[in-house]
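The primary structure of each chain is shown beneath.
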Amino acid sequence: LAAELGSAPPMLDRDAFRAVAARVRVRSGQKSKALFHPIRLALTGERDATVAWTGFDGAHARVRVASTDPSARFGAPQDVSPAGRDGVVSDLVAAGGTRLVVWDNGTFDANQVFAALAAPGAPFGAAEAVSAAQEARAGHAILAGAPTIVWTNRPAGSHSPGGLDALQTFAQAATRTG
């Protein structure tokens, strides 16, 4: 994906982006409309952008990002989710050049929400656990003031053997301090 985006025109509109995704699907043999999982795009300036997607390293799904360089070309991808465990991208936002990417394990057992933050012009930092390892998923990010993430969760023990009638889902949030 990053190689295709790197060779795309500097002013990448929605149709050009879809054409790039279609070429990657053909090359990878993927038949679905989605490219593994949703692709997230955040505009960080007039000619600056970051894209996040879920790739595969041969053993695990990995969250990857690529950002434009000063010539508005996408650079090499960066793996932001840790090696050795699955990561499925949920969200990517940008404000004032700062970028925040959010992902989860992509499973329903002991799922956990993670995030990585990038300062303007810098690569993404190390992954940070945002939620407990319960049934947390689908994190959405906000960069208004401090980085904040909201996700859904079914804490351990919140649903008993009573079936779907006893199922409880909670909205939870965390704000990064410091």
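Numbering of residues begins from 1 in every chain and follows the order in which that chain's sequence is written. This being a predicted model, a pLDDT of at least 70 is required before a residue's local features are given, and a value of 80 or more before pairs of side-chain atoms are given or counted; all residues contribute to the totals for chains, interfaces and linings. Processing note: side-chain calculations cover all non-hydrogen atoms of the structure and skip hydrogens and water entirely.

Draft legend 1. Structural detail: the pairing of strand E5 (residues 88–95). Using a 1.4 Å probe on the protein chains alone, a residue whose accessible area is under 20% of its type maximum counts as buried, one over 50% counts as exposed, and one in between counts as partly exposed. For helices the rule is a DSSP run of H or I covering at least 4 residues; for strands it is a run of E covering at least 2, with both sets numbered from the N terminus onward. Counting buried residues along E5, 6 of its 8 residues qualify, which places the element largely inside the surrounding structure. Between E5 and the antiparallel strand that follows it, strand E6 (residues 98–104), lie 2 residues; glycine 96 among them carries a positive phi value of about 60°. Strands qualify as paired when DSSP identifies two bridges or more between them.

Draft legend 2. Local environment of the environment of proline 120. Mapped onto the elements, proline 120 comes out in the loop between strand E7 (113–118) and strand E8 (128–129). Note on contacts: a residue pair is in contact if any heavy atoms of the two residues lie within 4.5 Å. When near neighbours in sequence (up to four residues on either side) are disregarded, proline 120 contacts Gly96, Gly97 and Thr98.

Draft legend 3. Broad picture of the side chain of serine 81. Tracing the backbone shows serine 81 in the loop between strand E4 (78–79) and E5. Dropping the residues within four chain positions of it, serine 81 is found in contact with Ala61, Arg62, Val63, Gly87 and Trp103.

Draft legend 4. Quick look at the sheet that holds strand E2 (residues 49–56). Spatial ordering of the open sheet is given by E1-E2-E3-E4, a layout of 4 strands whose pairing is antiparallel. Bordering the open sheet on either side are strand E1 (40–43) and E4, each of which pairs with just one other strand. Across 7 bridges, the pairing between E2 and strand E3 (residues 61–67) is antiparallel. Paired with valine 51 across the bridge in E3 is alanine 66.

Draft legend 5. Quick look at the nonpolar core. Residues enter a nonpolar core if they are buried and are Ala, Val, Leu, Ile, Met, Phe, Trp, Tyr or Cys, with the set joined through side-chain atoms within 4.5 Å. Core analysis: the biggest nonpolar cluster contains 13 residues, and Val80, Val101, Trp103 and Phe124 have the highest contact counts within it. Elements with a contribution of two residues or more to this core: E3, E5, E6 and E7. It is E7 that provides the largest number of residues to this core, a total of 3 residues. In this structure, Ala115, Ala136, Ala141 and Ile149 belong to the second largest nonpolar core, which totals 10 residues.

Draft legend 6. Seen up close, the sheet that holds strand E10 (residues 146–153). Spatial strand order, E9-E10-E11: 3 strands in an open sheet with antiparallel pairing. Each having just a single partner strand, strand E9 (137–144) and strand E11 (170–175) make up the two edges of the open sheet. Each neighbouring strand pair of the sheet contributes to a mean axis angle of 20°, computed without reference to strand direction. Alignment of E10 against E11, held across 6 bridges, turns out to be antiparallel. Note that in E11 the partner of tryptophan 151 across the bridge is glutamine 172. Orientation is described by axes fitted as lines to C-alpha atoms, over the contacting stretch for helices, and by angles from 0 to 180 degrees between their N-to-C directions.

Draft legend 7. Examining the pattern of salt bridges more closely. Just to be clear on terms, a salt bridge is a Lys or Arg side-chain nitrogen sitting within 4 Å of an Asp or Glu carboxyl oxygen. Across all of its chains, the model carries 3 salt bridges by this definition. Among the ionic pairs, aspartate 57 bridges to arginine 62, the shortest N-O distance being 3.5 Å. Residue class for aspartate 57 comes out partly exposed when judged on its relative accessible area of 35%. Among the residues examined, arginine 62 registers a relative accessible area of 8% and is labelled buried.

Draft legend 8. Structural view of the packing of aromatic side chains. The aromatic pairing rule takes the rings of Phe, Tyr and Trp, using the six-membered ring of Trp, and pairs them if the centres are within 6.5 Å, calling planes under 30 degrees apart stacked, those over 60 edge-to-face and the rest tilted. A full pass over the atoms with the stated rule returns 1 aromatic pair. Ring centres 6.1 Å apart and planes at 15° place the aromatic pair tryptophan 103 and phenylalanine 114 in the stacked group. Here the residue tryptophan 103 occupies a position in strand E6, and phenylalanine 114 occupies one in strand E7, the gap between them amounting to 11 residues. A residue is classified by how much of its surface remains accessible, and tryptophan 103, at 1% relative accessible area, is buried. Looking at phenylalanine 114, the relative accessible area reads 6%, which means it is buried.

Geometry only, nothing functional implied.
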